[in-house]
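# Observations on chain architecture
So you can see what is in the structure, the chains are spelled out below.
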Amino acid sequence: MLNRSDTRRAQLNGWPSRMEPGPPVVAVVVSILLATAGCVKEPEPPVIPATPRAVEIIGTPEVTTTTDRVIADFENMDGWCFACYPSEVDGYLTHSFDDEPSHDGDFAAKLVYDFSGARGVTAAAYAMTAHLLPLNWDRLGLWVYGDGSGHWLRAEFVDSTGEKFVGDLAPRVDWEDSWRLCALYQSDLVGLRDEKARRHPPLALTRIYLVVLPTAEHNAGEIYFDTLTVE
Ligand SMILES: [Ca+2]
């Protein structure tokens, strides 16, 4: 079991949307209700747990011609926090320390999970955020330091109408003690409520998360991730 007294455990409150400077184009308000989330492909949907919490992102997205743009470098974990499903799952989110891996800069995000208390059911460990993305991106990339668990790594987004979408960063985290660039394409995202739902940009990234399915091994482990980019 994890040491809950670990002083490194993330104590992140508040949900700022960090916007980079740029010419205002369209002012939007994206309201995200994190209370309910069905899931198309996960047999027992890892709905967001316990405390329903409305999050409002207010910002002005950019139209850019960027080729490769860093959205988060995880040099600090402001605007990120941990959640899990079901409540028997343990874990925390922090940044890497000392000799722990980072891909760029001094730190990476560290997602620590323990699924062992939730055997036989779908379980998930979430890195939660509320990060408004630029209007015109095709691919989202994330460097991931795998633990060989075989768990499913996904990302969730919400559009300007509140519709939620998910995509796969990796169907199985089957690499261990090394970095791998995981990516998903906006065109491959599917709606949570309706698989064919149309996207209404801009999108906000709301979660990066690990899922274990009922028949898979419900172990404990940790992954690191770094340098979230869109292009
Ligand atoms: Ca970093």
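The structure presented is a predicted model; accordingly, all values stated were derived computationally and were not measured.

Broken down by element type, the protein carries zero helices and 14 strands. What you see in the protein, going N to C, is helices and strands ordered as β-β-β-β-β-β-β-β-β-β-β-β-β-β. For the protein, the proportion of its 231 residues judged to be buried stands at 44%. Sequence separation of at least 24 residues holds for 80% of the intrachain contacts in the protein that already meet a minimum separation of 6.

To continue, consider the nonpolar core. Membership of the largest hydrophobic core comes to 61 residues, with the highest contact counts inside it found for Ala 109, Ala 127 and Leu 210. Considering each element in turn, this core owes the most residues, eight residues, to strand E7 (residues 123-132). Excluding anything up to four places from it in sequence, Leu 210 contacts Leu 111, Tyr 113, Ala 124, Ala 125, His 151, Trp 152, Leu 153 and Ile 223.

As a further point, take the sheet that holds strand E9 (residues 152-158). Spatially, six strands are ordered E4-E7-E13-E9-E10-E12 in an open sheet, and the strand pairing comes out antiparallel. Where the open sheet ends on each side, the last strands, each with one partner, are strand E4 (81-85) and strand E12 (190-191). One ladder, built from five bridges, connects E4 with E7; its direction is antiparallel. In the strand pairing of E7, Cys 81 is matched with Met 128.

Turning our eyes to something else, we now look at the pairing of strand E6 (residues 109-114). Judged by how many residues are buried, E6 sits mostly within the fold: six of six residues are covered. In E6, alternate side chains face the same way, and those of Ala 109, Leu 111 and Tyr 113 on one face and Lys 110, Val 112 and Asp 114 on the other are all buried. Sheet topology places strand E5 (residues 90-95) next to E6; six bridges connect them, and they run antiparallel. Counterpart to Gly 91 in the pairing with E6 is Tyr 113.

In terms of residue burial, E9 counts as a mostly covered element, since seven of its seven residues are buried. Alternating residues of E9 divide into Trp 152, Arg 154, Glu 156 and Val 158 and Leu 153, Ala 155 and Phe 157, and every residue in both groups is buried. The sheet contact formed by E9 and strand E13 (residues 204-212) spans seven bridges and is antiparallel. Following the sheet pairing, Leu 153 is matched in E13 by Leu 210. Direction of pairing for E9 relative to strand E10 (residues 164-170): antiparallel, over a ladder of six bridges. Looking across to E10, one finds that Phe 157 is bridged to Phe 165. With antiparallel pairing between neighbouring strands as the criterion, E9 and E10 make up a hairpin whose turn holds five residues, including Gly 162 at a positive phi of roughly 95°.

Looking now at the environment of Val 212. With respect to the secondary-structure elements, Val 212 resides in strand E13. For the pair Val 212 and Arg 172, spaced 40 residues apart in sequence, the C-alpha separation works out to 9.8 Å.

Here the amide bond leading from Tyr 85 into Pro 86 is cis, since omega sits at -10°, within 30 degrees of zero. Looking at the secondary structure, you find Pro 86 in the loop between E4 and E5. Residue Pro 201 is joined to Pro 202 through a cis peptide bond whose omega torsion reads 5°. Here Pro 202 lies in the loop between E12 and E13. With a phi angle near 60°, Phe 74 is a residue other than glycine that sits in the positive phi range. Locating Phe 74 in the fold gives a position in the loop between strand E3 (69-72) and E4. Even without being a glycine, Asp 177 presents a positive backbone phi close to 55°. Locating Asp 177 in the fold gives a position in strand E11 (residues 176-185).

Another aspect to go through is the confidence of the model for the protein. Per-residue confidence for the protein averages 79 on the pLDDT scale, and 71% of its residues sit at or above 70. Note that residues 3-55 has pLDDT below 50 and, in this model, 106 contacts with residues that lie over four places away or in other chains.

Procedures and definitions
Residues numbered from 1 in each chain as written. Predicted model: local features only at pLDDT ≥ 70, side-chain atom pairs only at ≥ 80, totals over all residues. Helix = DSSP H or I, 4+ residues; strand = E, 2+ residues; numbered from the N terminus. Buried ≥ 20, exposed ≤ 12 C-beta atoms within 10 Å, placed from the backbone. Contact = placed C-beta atoms within 7 Å. Core = buried A, V, L, I, M, F, W, Y, C linked by C-beta atoms within 7 Å. Pairing = 2+ DSSP bridges. pLDDT = per-residue confidence, 0-100.

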